Amino acid sequence: GGKHLIDLVVSSIIVRAQAEGFNGTCGDGFPLAHMLAQVAMHLSSTDFVKAIMAHIYTVCPTTIPTLPAPKAGCSEKDLMESLSMQKQKNGEYETFPRFLARTEGIVSLVAEIMCSIPLDHVMFGGSKAAILWLQRFLDLLPEEQTLLPILTAPVLVAFLTASGHMPSVWIILPLVSQVQRN
């Protein structure tokens, strides 16, 4: 019973974070993120944290962080699948603007969860993990120009916008310099 309830709650949260009206870069996710961090702190079981992370990583692998690796000359379908674009009910893939908005919403939510109070919560590693996540993401960026800038810029904007509200934002400033250089 309990695991099914957790899965239902988590699924509802993920649906909300992917909804067209959700705007993570404008702070829509902060109340939700704070609630999730508080619930995770008060539950004795780690099932809730694991379920949230599993659902988020499934719908948006970029939050791990990882980047897609489409093969040179791949088909449009292969590119869409490597980006984790979702198929709609009619069998067509979501539009690219919709994919970017959905990705920004999920990435923002993850950053907002990391930066939620209390700072020692365990969701996605808490505020200390925000800096590690950003460093890992920047380390993934290839030296050579590829198709990835179409994804990396919105992800960086979403993450930096949300994590910029973190009390220890000054720690991120050296990484912002790295973004400017790249």
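In the block above lies the structure referred to throughout.
Our subject in this report is the structure included herewith. Since this is a predicted model, take the numbers as computed values, not measurements.

A few words on helix H3 (residues 47-59). Compared with an ideal rise of 1.5 Å per residue, which puts 13 residues at 18 Å, H3 spans 18 Å between its outermost C-alpha atoms and is within 8% of the ideal. Phe48, Val49, Ala51, Ile52, Ile56 and Val59 are the residues of H3 that are buried. Buried residues in H3, looked at end-on, bunch into an arc of 165°, giving them a common side. Turned more than 90 degrees off the buried face of H3, the exposed positions are Lys50 and Thr58.

Moving on: unusual backbone geometry. The linkage connecting Ile64 with the following residue, Pro65, adopts the cis geometry, with an omega of 0°. Along the chain, Pro65 falls in the loop between H3 and helix H4 (76-82). The backbone of Ser84 shows a phi angle near 70°, a positive value even though the residue is not glycine. Along the chain, Ser84 turns up in the loop between H4 and helix H5 (96-114). By relative accessible area, which is 21% here, Ser84 ends up partly exposed. With a phi close to 55°, Phe124 is a non-glycine residue in the positive phi region. With respect to the helices and strands, the residue Phe124 is situated in the loop between H5 and helix H6 (126-140).

Applying the stated criterion to the full structure yields four aromatic pairs. An angle of 40° between the planes, with centres 5.6 Å apart, marks the rings of Phe96 and Phe99 as tilted. One end of the pair, Phe96, and the other, Phe99, are both in helix H5, three residues apart, so they sit about a helical turn from each other. When the ring of Trp133 is compared with that of Phe159, the centres are 4.2 Å apart and the planes differ by 15°; the resulting orientation is stacked. With Trp133 in helix H6 and Phe159 in helix H7 (residues 149-163), this residue pair connects regions lying 26 residues apart in the sequence. Accessibility assignment for this pair places Trp133 and Phe159 in one class, buried. Ring pairing ties together the aromatic residues Trp133, Phe137 and Phe159, which thus form one cluster.

Turning our attention to the nonpolar core. Counting residues in each nonpolar core, the largest one holds 46 residues, and the members touching the most others are Ile52 and Met114. When residues of this core are traced back to their parent elements, those giving at least two are helix H1 (2-18), helix H2 (30-42), H3, H5, H6 and H7. With nine residues, the top contributor of residues to this core is H5. Among all residues touching Met114, those that are not within four sequence positions of it are His121, Met123, Phe124, Gly126, Ser127, Ala129, Ala130, Trp133 and Phe159.

Let us now look at H1. Each turn of an α-helix holds 3.6 residues, which means side chains three or four residues apart point in the same direction. In this model, H1 (17 residues) spans 24 Å end to end at C-alpha, consistent with the 24 Å of a helix rising 1.5 Å per residue. Among the residues of H1, those classed as buried are Ile6, Val10, Ile13, Ile14, Ala17 and Gln18. Buried residues of H1, seen end-on, are gathered within an arc of 130° and therefore sit on one face of the element. Looking at H1, the residues exposed on the side facing more than 90 degrees away from the buried face are His4, Leu5, Leu8 and Val15. Against H2, H3 and H5 lie the buried residues of H1.

Definitions and cut-offs
- Residues numbered from 1 in each chain as written.
- Predicted model: local features only at pLDDT ≥ 70, side-chain atom pairs only at ≥ 80, totals over all residues.
- Heavy atoms only, no water.
- Helix = DSSP H or I, 4+ residues; strand = E, 2+ residues; numbered from the N terminus.
- Expected span 1.5 Å × (residues − 1).
- Buried < 20%, exposed > 50% of the residue type's maximum accessible area, 1.4 Å probe, protein only.
- Arc of directions from axis to C-beta.
- Phe/Tyr/Trp six-rings, centres within 6.5 Å; stacked < 30°, edge-to-face > 60°.
- Core = buried A, V, L, I, M, F, W, Y, C linked by side-chain atoms within 4.5 Å.
- Contact = heavy atoms within 4.5 Å.

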